[in-house]
Structure formats: C-alpha cells, structure tokens
Amino acid sequence: PVYYSKSHEWVSIEEGKATVGITHFAQEELGEVVYIDLPEVGETVEPNETYGTVESVKATSSLISPVGGTIADVNEELTENSGLVNESPEDKAWTIKLEGITEPEGLMTREEYEKYQAEVA
C-alpha cells in the first residue's frame, strides 16, 4: 500500500521495506527542481526526520521520512537528473528505500491526502 504524509511525501510499503519520495503536489509547489541532496546508504532515519533536501528555482525544502528505518538504497539517478522529480515524482523519482522500518503512524490514504491537499491549497 501507498501512504502520504502531511509534509507531502509518499511511502510505499511492501514486505517490511519502504520506498519514499515526494508527491506530485509537492513538486508542483516547488516548481522546477534543480538539485537534490540525498543521504548515504546505511544511515538511519526516524519517522518525521529530515533525510535530505530538494532545491528548486523557488525554494529549498527538507525531505522528511514518513517512517523510520535504515537506508538500503538511494536514487542516484536524481543527482544526475533532478528534473525527474518534476517528471515522475511518484514513480521513477523515488528518493530512498528503507529496511527494518517502523510502523507507519499518522499517514493518510490517497483519498485522505487528496482531501488534505484541497484544505492546504
């Protein structure tokens, strides 16, 4: 299943592993992404902890992990092609993959997230 956070990240959880990225709404708000800073494999993150930054022509924003765990993989392609965040935010532009994840708390389904977006937009 895929869940969404109030900080506009998505997390796909399968078999105790999580894939994380920013939502389509977040990339629209940011505008053209020009740089992304990601952590190293092996680092650990706690739920709601910053794990990197994304810079756009408009602003710099923190990347916040919806769940905790150990970073098993980072999307190196984004360091070469940060524009992928704008093109495919909820597919090809995943940012990190985590293992040994914590139980997700306070996350929303897509339907709940869409309602939340309408409230904050």
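Residues numbered from 1 in each chain as written. Predicted model: local features only at pLDDT ≥ 70, side-chain atom pairs only at ≥ 80, totals over all residues. Heavy atoms only, no water.

## Things to note about the overall build of the chain
Part 1 of the argument: Across its full length, the chain holds 4 helices and 9 strands.
Part 2 of the argument: In the chain, the succession of helices and strands from N to C terminus is β-β-β-α-β-β-β-β-β-α-α-β-α.
Part 3 of the argument: Taken over C-alpha atoms, the radius of gyration comes to 13 Å for the chain, in line with the 14 Å a tight globule of 121 residues would show.
Part 4 of the argument: In the chain, which comprises 121 residues, the proportion classed as buried is 45%.
Part 5 of the argument: Pairs at least 24 apart in sequence give 60% of the contacts found in the chain among residues at least 6 apart.
Part 6 of the argument: When the accessible area of the chain is evaluated, it comes to approximately 6,500 Å², of which 43% is carbon and sulfur surface.
Part 7 of the argument: Across the chain, the centroid of the 7 positively charged side chains sits 7 Å from that of the 26 negatively charged ones. (Helix = DSSP H or I, 4+ residues; strand = E, 2+ residues; numbered from the N terminus. Rg over C-alpha atoms; globule rule 2.2 N^0.38 Å. Buried < 20%, exposed > 50% of the residue type's maximum accessible area, 1.4 Å probe, protein only. Contact = heavy atoms within 4.5 Å. Areas by Shrake-Rupley, 256 points an atom, 1.4 Å probe, with all protein chains shown as cover. Lys, Arg positive; Asp, Glu negative; His and termini not counted. Charge placed at Lys NZ, Arg CZ, Asp CG, Glu CD.)

## Description of the environment of glycine 68
Part 1 of the argument: Position of glycine 68 relative to the elements: it lies in the loop between strand S7 (60-64) and strand S8 (69-74).
Part 2 of the argument: Along the chain, glycine 68 and threonine 44 lie 24 residues apart, while their C-alpha atoms are 7.3 Å from each other.
Part 3 of the argument: Excluding anything up to four places from it in sequence, glycine 68 contacts Val45, Glu46, Pro47, Leu98, Gly100, Ile101 and Thr102.

## Thoughts on helix H4 (residues 110-120)
Part 1 of the argument: By the burial criterion, the buried members of H4 are Tyr113, Tyr116 and Gln117. Projected down its long axis, H4 shows its buried positions confined to an angular sector of 105 degrees, all on one face. Within H4, the exposed residues directed more than 90 degrees away from the buried face are Glu111, Lys115, Ala118 and Glu119.
Part 2 of the argument: Check the buried side of H4 and you find it contacts strand S1 (2-4) and helix H1 (24-30). (Arc of directions from axis to C-beta.)

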